[in-house]
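Architecture at a glance
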Amino acid sequence: MSDNQGNQQGFWSRVFHLYYDGFRSMTVGKTLWLIIFIKLFIFFVVIKLLFFPNFLSTKCDTEQEKSEYVRHQLTDR
Amino acid sequence: MEELINVVDWSRAQFALTAIYHWLFVPLTLGLGIIVAVMETIYLKTKSEKWLATTKFWMTIFGVNFAIGVATGIILEFEFGTNWSNYSWFVGDIFGAPLAVEGILAFFMESTFIAVMFFGWKKVSPKFHLAATWLTAIGASLSALWILVANAWMQYPTGCEFNPATMRNEMTSFAAVALSPMAMSKFFHTVLSAWTLGGVFVCGVCGWMMLKKRNLDHCWRSLKVGAWVGVIGIVLTMITGDTSAVTVAKYQPMKLAAMEGLYKGDHGQSIVAFGILNPSKQAFDDQDPYLFDISIPYGLSFLATHDFKAFVPGIEDIINGVTYDNEGNEVNTVSYAERMERGRRLQDMLSQYDAATRSDNRLMVDSLKNAINADFKNFGYAYLDKPEEAIPNVPLTFYTFHFMVTVGGYLMLFLLLALLFVYKPNILIKAKWAKWWHILAIITIPLTYLCSASGWIVAEVGRQPWTIQDLMPNKVAISDLSAGYVQVTFWIFAVVFTALLIADIGIICKQISKKSQTDLDTVND
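Quick caveat, the model's predicted, so the values are computed rather than measured.

For the rest of this paragraph, the subject is the overall build of chain B. Looking only at helices and strands, chain B has 19 helices and 10 strands in total. By the compact-globule yardstick of 24 Å for 525 residues, chain B fits well, its C-alpha radius of gyration being 25 Å. Along the first, second and third principal axes, the C-alpha set of chain B runs to 80 × 50 × 40 Å. The proportion of buried residues among the 525 residues of chain B is 49%. Within chain B, residue pairs in contact and separated by at least 24 positions form 77% of the contacts whose partners lie at least 6 positions apart.

This brings us to helix H2 (residues 28-51) of chain A. Given a rise of 1.5 Å per residue, 24 residues ought to cover 34 Å, and the 32 Å separating the end C-alpha atoms of H2 of chain A matches this to within 8%. The largest bend along H2 of chain A reaches roughly 25° and is located at Ile-42 of chain A.

Bringing unusual backbone geometry into the picture now. Both trends apply: most residues other than glycine have a negative phi, and most peptide bonds are in trans. Residue and element names in this part refer to chain B. Going from Gln-464 to Pro-465, the amide bond is cis rather than trans, its omega being 15°. Relative to the elements of secondary structure, Pro-465 occurs in the loop between helix H17 (434-461) and strand E9 (466-468). The backbone of His-306 shows a phi angle near 60°, a positive value even though the residue is not glycine. Along the polypeptide, His-306 turns up in the loop between helix H11 (299-305) and strand E6 (311-312). We classify His-306 as exposed; it has 12 C-beta atoms within 10 Å.

Another aspect to go through is the confidence of the model for chain B. All names here are of chain B. On average, chain B scores 92 in pLDDT, and the residues at 70 or more come to 98%. Averaged over each element, pLDDT in chain B is lowest for strand E8 (residues 330-332) (73) and highest for helix H15 (residues 394-423) (97). The ipTM value of the predicted complex is 0.82, and its pTM value is 0.92.

A word on the packing of helix H2 (residues 49-69) of chain B against helix H9 (residues 216-251) of chain B. Axis angle and axis distance: for two packed helices, these are the angle between their axes and the distance between the axes, and together they describe the pair. All names here are of chain B. The interhelical angle for the contact between H2 and H9, taken along N-to-C directions, is 75°, at an axis separation of 10 Å. Here H2 lies roughly perpendicular to H9, going by the angle between them. Here Lys-50, Trp-51, Ala-53, Thr-54, Phe-57 and Trp-58 of H2 lie close against H9, whose contacting residues are Asp-217, His-218, Arg-221 and Ser-222. Taken together, the residues that form the contact of H2 with H9 break down as 4 nonpolar, 3 polar and 3 charged.

Residues and elements named next belong to chain B. Counting buried positions over the 7 residues of strand E5 (residues 290-296) gives 0, only a small fraction of the element. Summarising the sheet, strand E4 (residues 271-277) and E5 pair through 6 bridges and their orientation is antiparallel. Paired with Ile-276 across the strands is Phe-292, a residue of E5.

Moving on: the domain arrangement of chain B. We note that the domain assignment places domain 1 (2-252 + 392-516), domain 2 (256-332) and domain 3 (336-387) within chain B. Taken over C-alpha atoms, the centre of domain 2 of chain B sits 33 Å from the centre of domain 3 of chain B.

Facing the 29 residues of chain A at the interface are 36 residues of chain B. Counting residues per element, the ones that place at least two in the side of chain A that touches chain B are helix H1 (3-24), H2, helix H3 (55-59) and helix H4 (63-75) of chain A. Here the side of chain A that touches chain B gets 12 residues from one element, more than from any other, and that element is H2 of chain A. Along the lines of polarity and charge, the residues of the side of chain A that touches chain B split into 17 nonpolar, 6 polar and 6 charged.

It is worth spelling out the packing of H2 of chain B against helix H19 (residues 483-516) of chain B at this point. Residues and elements named next belong to chain B. The interhelical angle for the contact between H2 and H19, taken along N-to-C directions, is 165°, at an axis separation of 9 Å. Regarding the angle of H2 to H19, the classification is roughly antiparallel. Note that H2 runs across H19; the crossing there is right-handed. Counting all contacts with H2, which are made through Phe-57, Thr-60, Ile-61, Val-64, Asn-65 and Ile-68, the residues of H19 involved are Leu-500, Ala-503, Asp-504, Ile-507, Ile-508, Gln-511, Ile-512 and Lys-515. Across the contact of H2 with H19, the residue classes break down as 9 nonpolar, 3 polar and 2 charged.

The α-helix advances 3.6 residues per turn, and as a result positions three or four apart in sequence lie on the same side. All names here are of chain B. Here helix H8 (residues 181-211) is 31 residues long and its end C-alpha atoms lie 45 Å apart, about the 45 Å a rise of 1.5 Å per residue gives. Taken across its 31 residues, H8 has 26 buried, putting it largely inside the fold. Following H8 by one or two positions, Lys-213 adopts a phi angle in the positive range, close to 55°.

Topologically, Leu-236 of chain B is positioned in helix H9. Under the C-beta neighbour-count criterion, Leu-236 of chain B is labelled partly exposed, with 17 such atoms within 10 Å.

Below, the discussion takes up the pairing of strand E2 (residues 168-171) of chain B. Residue and element names in this part refer to chain B. Where strand E1 (residues 160-163) lies against E2, 4 bridges are found, and the strand directions are antiparallel. What sits directly across from Phe-162, in E2, is Asn-169. Hairpin connection of E1 to E2: 4 residues between the antiparallel strands, including Met-167 at a positive phi of 65°.

Analysis parameters
Residues numbered from 1 in each chain as written. Chains lettered and ligands numbered in written order. Predicted model: local features only at pLDDT ≥ 70, side-chain atom pairs only at ≥ 80, totals over all residues. Helix = DSSP H or I, 4+ residues; strand = E, 2+ residues; numbered from the N terminus. Rg over C-alpha atoms; globule rule 2.2 N^0.38 Å. Buried ≥ 20, exposed ≤ 12 C-beta atoms within 10 Å, placed from the backbone. Contact = placed C-beta atoms within 7 Å. Expected span 1.5 Å × (residues − 1). Bend = angle between axes of the 7 residues up to and from the residue. pLDDT = per-residue confidence, 0-100. Axes fitted to C-alpha atoms, helices over the stretch in contact; angles between N-to-C directions. Parallel < 35°, antiparallel > 145°, perpendicular 65-115°, else oblique. Nonpolar A, V, L, I, M, F, W, Y, C, P; charged D, E, K, R; others polar. Pairing = 2+ DSSP bridges. Domains from an automatic or database assignment. Left-handed = near helix turned anticlockwise from the far one by under 90°.

Below is the structure:
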């Protein structure tokens, strides 16, 4: 193994241990991560999927159709 | 039509709710980030374990707020795609480019360095750790920059050209968008106000700990940094507030007129220091706009133009398209009635463009594209039913503006006094009224949040009815949804965000209470 490869492995190993040891030694952080995961689940799985589709994508299939749709919205009102 | 108005109102209410909740988390992250970085710099310079303990105390609070607040802004992007789909398409890549830069910066810079900041105390060198702390703070501010650039474009659309073929605005100059006067004044005013809030937060928490007589040395160390950052923040917020006023006067005169409840402008226009608006006042009636007011002569002319004698147009002047130069000569600008006519002609041209494209008449297509872009700044006026529709909610804009300015003045005094106590602590220690000062410091925290939210209400309500200033009013920007659909998601957000806010406040208070009972003159990991 070259020195360069050794240094690279050492770097990634240090990065891994930074996160691994950091997460293991958390106290209040564990509660915060739980809140973050619950929040992201609610945002991206519940709210985004169920209530916030891309409106234009539900009406049109192509970019051309979307621009036509918006044109009608802006010229017919 | 009534259904459409309901959808507009509910969509606006939903956006306001989520934006205000999001903004409760952001300024503390921006302000405390700088404060923690300064504290760690002092620690590295002095090598004092006491400063290390103080740094770690505030870093924990910063971490709680950051974690609870992270991704709350993403909801606003959901709303753009669903509730504001015409706007989202129309705005093209102009909104997308700054938001993409923000996403990359937020993800790579903040998420990388915040890990080093919290996990790296014994893993990296002290200097590298300090660099990570500063880069986290700077990264947060840079994230805010790109969001504010996108918002500023909605207030002052520039650096773009409308393409009628795609129905999108296309960026012609990234520099013009990113460095527009509106973007710069908005960025500095907003971020520096967050420094003020961070400073006040530290003063308030220290006030509580001093009231409980806990870790007094730690409090004095914290106050030193908190008061300095707060004072620098409020002074620069006031200076950039002045720049903002000049920018608003130039690009959004209707907003400035609403901020002051000014219906008929004048040379050497006074500014209302305190006033109660006449609730029945309408544009073009003969009623006095104020039931009561205390005004400072020449104040508004100076604020808006830095010239005591300059003419500041009121709401009626702007609608009529009349203003005056410094010699008192009438200068005609375009009236709103004329802008509505021009807007409707543009709307017709857009229909003709569609027909010309279908018949493959290239000459006509090019000619119409040039004609549309030549007068595009009037496009949004096509959708107004009457000129008065372009008047924002005057009472809300007026009162929130005056609340913001009044509290801003109070914060200056409060933070200067806090700084005085830092260097002359005996004044506070010996004072019989010290307890009341500590209580005042605690009360000042929510007051500063209200002040900060008021600033955003002035900025956003004051530019109504526009989603994009002069180009697109709300009623056109909105998707063809039912009001009931938007109401459901409004209440879901109200519940979720209230729960997050309770969690944020609860965990922060618990951490402050718990940590303040330990000895903060030594390092507690």
